[in-house]
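Each chain, letter by letter, is given below.
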Amino acid sequence: MTENGYHHERVLTVDTMNPRVKEVQYAVRGPIVLRAVQIEKELKEGVKKPFTEVIKANIGDCHAMGQRPVTFLRQVLALCTYPELLEDNKFPEDAKSRARRILQSCSGGSIGAYSASQGIEVVRQDVARYIERRDGGIPCNPDNIYLSSGASDAIVTMLKLLVSGEGPTRTGVMITIPQYPLYSATLAELGAVQINCYLNEEKCWSLDVNELHRALEAARKHCTPRALCIINPGNPTGQVQSRECIEDVIRFAAEENLFLMADEVYQDNVYAEGSKFHSFKKVLFEMGPEYSEKVELASFHSTSKCFMGECGFRAGYVEVINLDPEVKAQLTKLVSVRLCPPVPGQALLDVVVNPPQPDEPSHATFMEERTTILTRLANKAKMTQEILNQVPGIQCNPVQGAMYTFPRLNLSQRAIQEAKEKGQEPDMFYCMKLLEETGICLVPGSGFGQREGTYHFRMTILPPPEKLKIVLAKVKEFHQRFTERYS
Amino acid sequence: MSENGAVPRRGKVLTLDTMNASVKKVEYAVRGPIVQRAVQIEKELKEGVKKPFDEVIKANIGDAHAMGQRPITFFRQVLALCTYPELLDDNTFPEDTKNRARRILQACGGNSIGAYSASQGIECIRQDVARYIERRDGGIPSDPDNIYLSTGASDGIVTILKLLVAGEGRTRTGVMISIPQYPLYSAALAELGAVQINYYLNEEKCWSLDISELKRAVEAARQHCNPRVLCIINPGNPTGQVQSRQCIEDVIRFAAKEGLFLMADEVYQDNVYAEGCQFHSFKKVLFEMGPEYSSTVELASFHSTSKCYMGECGFRGGYMEVINMDPDVKAQLTKLVSVRLCPPVPGQALMDLVVNPPQPGEPSYATFIKERTATLRALAEKAKMTEEILNTVPGISCNPVQGAMYSFPRISLPERAVQEAKAKGVAPDMFYCMKLLEETGICLVPGSGFGQKDGTFHFRMTILPSADKLKVLLNKVKEFHQRFTQQYS
């Protein structure tokens, strides 16, 4: 208190702030990325470095890495944004009819109006039909679809609903390790208990039900496990789970009374021969009513990945299966507080689930663009795996799907020691040096979780093939230099 | 596991009993039960059910476009160019729209609005926002690094409240909020488990803020929680009052003295109608009060693309400016927003245009000013009309709608009606509004959804329908009120 009676200590300090927020970490945009941004500024200011640009291979952002938007999607969105363009004969008729339909479902015919909080009804109906087509006709009720601001929004909302109890009754949430750190960040913020289930690196990151049992039984001692989260295709690992594995997980969830959360945002990103995307919902229903009428499931999708790469629009949805009706009413109420998901994103999602059909003018171009994008990703996945596996001390599992590689690194005792002295995780130490020496920004495996004593990094496969080749060559050189230096 | 190996039939994992208890406490009247009934009635009308009206008027929500307001041409042109850059070759678009679009696209990863942006928001947009704030506030400097773009103002408000919630029991964070309030605040506080501290605006004095009432509230609150925050909405929602400069200075002085973090929700800053009223930004007043305040008071001010003359609610564009935030806390804030990656980029682009509109001499200037002026003038006229018509109704008294987009009139309800409502387990103004909905198709939000002094009843109605429609609406409300009063007298 000063003489004239006014407080000068701040109200909001690290000591008075929300302690849970302090626990939150999100490596994908964490310290290494902050340093990468700083380096970019230094380069701009003319500081001399061993490289001329920073390559942000830390984040699954396709357009940032040069992927082009799909023409049809952007045409429809432009028409929705500035409907005067409906008079412009540069736009194909199928784009115009999609736009008109979307605008008719918007209040006042404008994408600037709030939509219903659950999302525009017509869009939810189209999403339901998409799901039915994808899942071989298994019915989908549009009322079980909630549009969201990216999949992240819906994942956080569902986790929020699930968190309750205290001490031994506090909600435990099982997540496969390595995981996408939205999950760990959200669990930290919500004060839920994170229950780690280790994917099997030796078996291509597959999921062992035994490991699920182990994790669950250990967790029951100190919390109440209520949910099981699976990312398929996997992030950061890129594994595409087999159908049998998915059945095992469903059976496990049913037996152990767990709410299943299936993050399926990479469902179109499947590259490896013999790998196939099996939607959790489809498998659930094909297992018969004993499971399909009982297991509570939420599956998530997004416009950020697949062939669209429209991250900036923040669009997604969740389908809820077997959700208790009273809880569903609570969910509906909860999403209403934030009014609605971004309407441009909802419109985008509508076109994604309702793409040009074979008899429509835009079909050929659409298919060509889609196929090119997915083929390129598949080629880059293969290239990445091949080149990294040539490096002594780097072992890379096949990139079966998604957009990342998560290779294992052998780090010498000396390197590990030096990292520890610096107070850094060894793979952060490695990645920081890589960044400073080559300008390549990756995310250390410690940001995703990994078995004790193992080290990894996550790198996207997104740069254009020529650039990716160079990036991989530089990583290879760096690894050899680093290994020598710390041998 | 049962004997035959079948899956055990247990109850659901996620039920009302096992779910998050805080979420159950959340209410949001603006889209609550009355709106759900309104939507149901719309469906019934579509199915051909006969009713005393042929459309539902959703005067419950501040959604300008839904009520017929047109988007600003310039904004939509630039956004279309950003969305489909092939249009940059199209000569139906004026040059200034193309310049804005090119500048925005250059600031996007891969020159696409489909790329994630920096989590704090696109840097050149934050710079433009900072310059807008400087112009608005007579040159008082704004640091772009203190600007965080957000998914609507709601997102920024919730994020700041999240940072502020700490402690337990008597040390639990208390947050002061004006009653009546916009129920995002009460909902967020319920969800976060913070303590809501109500301070009552003075209805007899045009919903103004009394420092003595702030004092009363904070002192009472100190018995059971740790007051840390003071939220104020100016221009006000639902009340429409535009606080005087004196009042804003008093609030700042109070916050400084009592050690409170100030949250200024200023999303209606262009919506000021009444003569003698003017918008005074909290930041500007803070800085004009000198360094004793401007270097100590922690302030977050919020703005949005949803209101004012833009009405672009669906884009979910917004920002907050943080003043005097502890640098370590700011680093935590930056970390927290990174988890959700970034606010919607179309909304960021839109915000850029709002703060960087056509200038005199640019091709789009004349049309832009014309549209903006027409929209704000229409709102001012409707604000006046609303106040006038409602004040002709015996039993309804409506404070001047000085700003924002709503009227929040007080309604006298006969004792019999109050009793019948209570017997039905419904708040009396909800009872009233439900009957209004069923009889006229007009959807309003009962005052109980916003908070009000005990024993008083209100409703919130938007002033957004077109003037002609609004007149019809107001007269229907008038007729209904008279009917209702007679029926229950």
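Rules used throughout
- Residues numbered from 1 in each chain as written.
- Chains lettered and ligands numbered in written order.
- Predicted model: local features only at pLDDT ≥ 70, side-chain atom pairs only at ≥ 80, totals over all residues.
- Heavy atoms only, no water.
- Salt bridge = Lys/Arg side-chain N within 4 Å of Asp/Glu carboxyl O.
- Helix = DSSP H or I, 4+ residues; strand = E, 2+ residues; numbered from the N terminus.
- Buried < 20%, exposed > 50% of the residue type's maximum accessible area, 1.4 Å probe, protein only.
- Phe/Tyr/Trp six-rings, centres within 6.5 Å; stacked < 30°, edge-to-face > 60°.
- Contact = heavy atoms within 4.5 Å.
- Buried area = accessible area lost by both parts, 1.4 Å probe.
- Nonpolar A, V, L, I, M, F, W, Y, C, P; charged D, E, K, R; others polar.
- Expected span 1.5 Å × (residues − 1).
- Pairing = 2+ DSSP bridges.
- Axes fitted to C-alpha atoms, helices over the stretch in contact; angles between N-to-C directions.
- pLDDT = per-residue confidence, 0-100.
- Domains from an automatic or database assignment.
- Polar contact = N/O pair within 3.5 Å; in protein donor to acceptor, adjacent residues only side chain to side chain.
- UniProt positions renumbered as here; feature names shortened; annotations may be inferred.
- Parallel < 35°, antiparallel > 145°, perpendicular 65-115°, else oblique.
- Left-handed = near helix turned anticlockwise from the far one by under 90°.

Chemist: Describe the pattern of salt bridges, with residues and values.
Modeler: Between side chains of opposite charge, pairing is possible as soon as their charged atoms come close. Residue and element names in this part refer to chain A. Applying the stated criterion across every chain yields a total of 58 salt bridges over all chains. Among the salt bridges present, the one from Glu40 reaches Lys56, with a minimum N-O distance of 3.2 Å. Highlighted residues: Glu40 in helix α2 (residues 31-44) and Lys56 in strand β1 (residues 55-56), separated in sequence by 16 residues. Given the relative accessible area of 25%, Lys56 is considered partly exposed.

Chemist: Describe in detail the packing of aromatic side chains, supporting the description with residues and values.
Modeler: The geometry of an aromatic ring pair is captured by the separation of the ring centres together with the interplanar angle, meaning the angle of the planes. Enumeration according to the criterion identifies 29 aromatic pairs over all chains in this entry. Consider the rings of A:Tyr430 and A:Phe478, whose centres lie 5.1 Å apart with planes at 80 degrees: the pair is edge-to-face. Remark: A:Phe478 occurs in helix α17 (residues 465-485) and A:Tyr430 occurs in helix α16 (residues 426-438); sequence separation between them is 48 residues. A:Tyr430 gets classed as buried once you look at its relative accessible area, which sits at 0%. Ring geometry for B:Tyr309 versus B:Phe368: centroids 5.9 Å apart, planes at 80 degrees, classification edge-to-face. Separated by 59 residues along the polypeptide, B:Tyr309 in the loop between β7 (299-304) and β8 (317-323) and B:Phe368 in helix α14 (residues 365-390) bring together distant segments of the chain. In this pair, the class of B:Tyr309 matches that of B:Phe368, namely buried.

Chemist: Account for the interface of chain B and chain A, with residues named and values stated.
Modeler: Contacts between the two partners involve 102 residues from chain B and, on the opposite side, 101 residues from chain A. Note on chain B versus chain A: buried area summed over both sides is about 8,400 Å², and carbon and sulfur give 59% of it. Looking only at chain B, the three residues that lose the most surface to chain A are B:Val13, B:Leu14 and B:Tyr116, adding up to 9% of its buried area. Seen at the junction of chain B and chain A, the total is five salt bridges. In this structure, B:Asp90 and A:Lys90 form a salt bridge, with 2.9 Å as the shortest nitrogen-oxygen distance. Tallied by class, the residues present in the side of chain B that touches chain A amount to 49 nonpolar, 26 polar and 27 charged.

Chemist: Hey, could you go over α16(A) for me, with residue numbers and the actual values?
Modeler: For α16(A), which comprises 13 residues, the first-to-last C-alpha distance of 18 Å matches the rise-based estimate of 18 Å (1.5 Å per residue) to within 8%. Of all 13 residues in α16(A), 10 are buried; the element is thus mostly enclosed.

Chemist: With reference to specific residues and values, describe the sheet that holds strand β5 (residues 224-231) of chain A.
Modeler: All names here are of chain A. Ordered by their spatial adjacency, seven strands build an open sheet running β2-β8-β7-β6-β5-β3-β4, and the pairing between neighbours is mixed. In this open sheet, the two strands that pair with only one neighbour each are β2 (145-148) and β4 (193-198). Along the sheet, successive strands turn relative to each other by an average axial angle of 20 degrees, direction set aside. In this structure, strand β3 (residues 171-177) lies alongside β5, joined through five bridges in parallel fashion. Following the sheet pairing, Ile175 is matched in β5 by Cys229. Across the sheet, helix α8 (residues 209-219) is in contact with β3, β4 and β5; its angle to β4 comes to roughly 155 degrees.

Chemist: Can you explain the sheet that holds strand β6 (residues 261-265) of chain B? Please cite residues and give values.
Modeler: Residues and elements named next belong to chain B. One open sheet accounts for seven strands, arranged β2-β8-β7-β6-β5-β3-β4; its pairing is mixed. Each end of this open sheet is capped by a strand with a single partner; those strands are β2 (147-151) and β4 (195-200). On average, each strand axis in the sheet is inclined to that of its neighbour by 25 degrees, with strand direction left out of account. In this structure, strand β3 (residues 173-179) lies alongside strand β5 (residues 226-233), joined through five bridges in parallel fashion. Looking at β5, one finds that Thr173 is bridged to Asn226. Seen against the sheet, helix α5 (residues 123-136) touches β2, β7 and β8 and runs at an angle of roughly 110 degrees to β2. Across the face of the sheet, helix α13 (residues 345-354) comes into contact with β2, β7 and β8 while running at roughly 70 degrees to β8.

Chemist: Provide a residue-level description of the confidence of the model for chain B, including the pertinent values.
Modeler: Residues and elements named next belong to chain B. For chain B, per-residue confidence averages 96 on the pLDDT scale, and 98% of positions sit at 70 or higher. Within the model, pLDDT remains below 50 along residues 1-5, and this stretch shows three contacts once partners closer than five positions in the same chain are excluded. Here the predicted complex scores 0.96 on pTM and 0.96 on ipTM.

Chemist: So what's going on with the domain arrangement of chain A? Residues and values would help.
Modeler: A common way to state how big an interface is: give the accessible area lost once the parts meet. Residues and elements named next belong to chain A. When cut into domains, chain A gives domain 1 (19-66 + 367-485) and domain 2 (113-353). Centre-to-centre separation of domain 1 and domain 2, based on C-alpha positions: 27 Å. Counting residues at the interface gives 36 residues for domain 1, matched by 40 residues for domain 2. Approximately 3,100 Å² of surface area, both sides summed, lies buried where domain 1 meets domain 2, with 56% of it carried by carbon and sulfur atoms. It is Arg20, Asn397 and Gln400 in domain 1 that bury the most area against domain 2; as a group they hold 21% of the surface buried on that side. The tally of links between domain 1 and domain 2 comes to three salt bridges. Measuring nitrogen to oxygen at the nearest pair gives 3.9 Å for the salt bridge that ties Glu202 to Arg408. Our count for the domain 1 to domain 2 interface comes out at 17 residue pairs in polar contact (both at pLDDT 80 or more). For the side of domain 1 that touches domain 2, the secondary structure elements donating two or more residues are α1 (19-23), α14 (363-388), β10 (404-405) and β14 (455-460). A class-by-class count of the residues in the side of domain 1 that touches domain 2 yields 18 nonpolar, 11 polar and seven charged.

Chemist: Got a sec to walk through the UniProt feature "domain: Aminotransferase class I/classII large" (unreviewed entry) in chain B? Specific residues and values, please.
Modeler: With numbering matched to this structure, UniProt assigns "domain: Aminotransferase class I/classII large" (unreviewed entry) to residues 89-476 of chain B. For residues 89-476 of chain B, helix accounts for 42% and strand for 15%, while the C-alpha atoms at its two ends are 51 Å apart.

Chemist: Lay out the UniProt feature "domain: Aminotransferase class I/classII large" (unreviewed entry) in chain A in plain terms, naming residues and giving numbers.
Modeler: Taken from the UniProt record, the annotation "domain: Aminotransferase class I/classII large" (unreviewed entry) applies to residues 84-474 of chain A. Across residues 84-474 of chain A one finds 42% helix and 15% strand; the C-alpha atoms that close the span lie 50 Å apart.

Chemist: Go over the side chain of B:Ser178, please, and point to the residues and values.
Modeler: All names here are of chain B. You can see Ser178 is positioned in strand β3. Residue Ser178 is classed as buried on the basis of its relative accessible area of 4%. Those residues in contact with Ser178 that lie beyond four places of it in its chain are Tyr199, Leu201 and Cys231.

Chemist: Report on the packing of α14(A) against α17(A), specifying residues and quantitative values.
Modeler: All names here are of chain A. α17 packs onto α14 with a crossing angle of 20 degrees between their chain directions and a minimal axis gap of 10 Å. Between α14 and α17, the angle is such that the two are roughly parallel. Where α14 crosses over α17, the handedness of that crossing is right-handed. Every residue of α17 that contacts α14 at Lys380, Met383, Thr384, Ile387 and Leu388 is listed here: Pro465, Leu468, Lys469, Leu472 and Val475.

Chemist: Describe unusual backbone geometry, naming the residues involved and giving the relevant values.
Modeler: Residue and element names in this part refer to chain A. Looking along the chain, the bond that leaves Asn235 and enters Pro236 is cis, with omega of 10 degrees. Secondary-structure assignment places Pro236 in the loop between β5 and α9 (243-255). Of note, the phi angle at Cys306 is positive, near 55 degrees, even though the residue is not glycine. Using a relative accessible area of 0% as the deciding quantity, one classes Cys306 as buried.

Chemist: Give me the lowdown on the domain arrangement of chain B, citing residues and values where you can.
Modeler: All names here are of chain B. Domain annotation of chain B identifies domain 1 (21-68 + 375-488) and domain 2 (116-355). Taking only C-alpha atoms into account, the centre of domain 1 sits 27 Å from that of domain 2. The interface of domain 1 with domain 2 comprises 36 residues on the first partner and 37 residues on the second. Counting across the domain 1 and domain 2 interface gives one salt bridge. Counting every contact that joins domain 1 to domain 2 gives 16 residue pairs in polar contact (both at pLDDT 80 or more). Ranked by the residues each element gives to the side of domain 1 that touches domain 2, the list is headed by α14, at five residues. For the side of domain 1 that touches domain 2, the per-class residue count stands at 18 nonpolar, 12 polar and six charged.

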